[in-house]
Structure formats: structure tokens, C-alpha cells
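As a plain string of letters, each chain reads:
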Amino acid sequence: MTDQNPVTVIARFTPVADHVAQLQALLEGMIAPTRSEPGCRSYDLYTTGTEASDFVLLERYEDTAALEAHRATAHYKAYRAQLPDLLAEPVEVSVLRPINVIA
């Protein structure tokens, strides 16, 4: 049975100091194709500061199936393949399921 509850994902990226611009460009390149996915409710990129800081993606999907569909796309697979050379540490991903939220 498919989970029909909305799913929120927080993904935190710590770039290698000399690859900040490349990581930002890669993450920005994911915005348009991900937002156009049928199950994507929002896909927003943030930074934690002004210098060589972390980037944070805040993603919302209609349900677990929509998240799984996102992870199966060609653009997701291509971006994931490029990440290792740009990161100082592995991506920190938290998948959140709602308890009490405003829709």
C-alpha cells in the first residue's frame, strides 16, 4: 500500500571550499526539472551563510511514491553522480513525515 501522506525532505550539503560555486550551480540546476515533476509540491534551495557555507534543500512531495519517482528521474541520477567530488562530507538527508502541519 502506498503512503498517501505528504513527505518533506531536508538535504544538507557541505561543499569542498573551492567547489562552492560548482555545487551551487549543480543544485540550482535541479530546481526547474524537480519543480515540474507531478508529485513535487515545493523544492527550495537555501544557504546557511555568505561564505563557504552549507546549502540546504527543503523538498515537499505529495507522498512517498512521488519522492521515489523523483529519485528515479534522469536529472536526479545525473546530479547524484556529480556530488561526490564537490562535497567535503556526505549529504545529510532527513525524510520527515507530518504529525501536525498546516497544508
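Preceding block: the structure.
No experiment lies behind these values; they were computed from the predicted model shown.

When helix α2 (residues 64-71) is considered as a whole, its buried residues turn out to be T64, A66, L67 and H70. Down the axis of α2, the buried side of the element spans an arc of 160°, and every buried residue falls inside it. Buried residues along α2 sit in contact with β1 (7-13), α1 (20-35), β2 (40-47), β3 (55-61), α3 (74-82) and β4 (92-96). Backbone nitrogen of A65 and a side-chain oxygen of the N-cap are separated by 3.2 Å at the start of α2; the cap is D63.

Tracing the chain through its elements places A11 in strand β1. When its relative accessible area of 4% is taken as the criterion, A11 is described as buried. If sequence neighbours within four positions are ignored, A11 has contacts with F55, V56, L57, E59, V91, E92 and V93.

The next subject is the packing of aromatic side chains. Applying the stated criterion across every chain, the model contains one aromatic pair. Summarising the aromatic geometry, the rings of Y76 and Y79 are spaced 5.6 Å apart at their centres and angled 65° between planes, so their arrangement reads as edge-to-face. Of the two residues, Y76 and Y79 are both situated in helix α3; the distance of three residues between them amounts to about one turn of the helix. Like Y76, the residue Y79 is buried in the burial classification.

Moving on, we get to the sheet that holds β3. Taken in spatial order, the four strands of this open sheet run β2-β3-β1-β4, and their pairing is antiparallel. One side of each edge strand has no neighbouring strand; the edge strands of this open sheet are β2 and β4. Averaged over all pairs of adjacent strands, the angle between strand axes in this sheet comes to 10°, irrespective of strand direction. Along the sheet face, α1 touches β1, β2 and β3 and points at about 165° away from the line of β2. Seen against the sheet, α2 touches β1, β2, β3 and β4 and runs at an angle of roughly 130° to β3.

Quick look at the side chain of T14 now. Mapped onto the secondary structure, T14 falls in the loop between β1 and α1. What makes T14 buried here is its relative accessible area of 17%. Of the polar contacts made by the side chain of T14, one reaches the side chain of D54; its length is 2.9 Å. If sequence neighbours within four positions are ignored, T14 has contacts with D54, L86, L87, A88 and E89.

What follows covers a nonpolar patch on the surface. Together, I10, Y46, L58 and L96 line one region of the surface with nonpolar side chains, adding up to about 310 Å² of accessible area. Residue placement: Y46 occurs in strand β2. Classification of Y46 as partly exposed rests on a relative accessible area of 43%.

Criteria and cut-off values
Residues numbered from 1 in each chain as written. Predicted model: local features only at pLDDT ≥ 70, side-chain atom pairs only at ≥ 80, totals over all residues. Heavy atoms only, no water. Buried < 20%, exposed > 50% of the residue type's maximum accessible area, 1.4 Å probe, protein only. Helix = DSSP H or I, 4+ residues; strand = E, 2+ residues; numbered from the N terminus. Arc of directions from axis to C-beta. Contact = heavy atoms within 4.5 Å. Polar contact = N/O pair within 3.5 Å; in protein donor to acceptor, adjacent residues only side chain to side chain. Phe/Tyr/Trp six-rings, centres within 6.5 Å; stacked < 30°, edge-to-face > 60°. Pairing = 2+ DSSP bridges. Axes fitted to C-alpha atoms, helices over the stretch in contact; angles between N-to-C directions. Patch = residues over 30% accessible without salt bridge, like charges linked within 9 Å, V, L, I, M, F, W, Y side chains within 5 Å. Areas by Shrake-Rupley, 256 points an atom, 1.4 Å probe, with all protein chains shown as cover. Salt bridge = Lys/Arg side-chain N within 4 Å of Asp/Glu carboxyl O.

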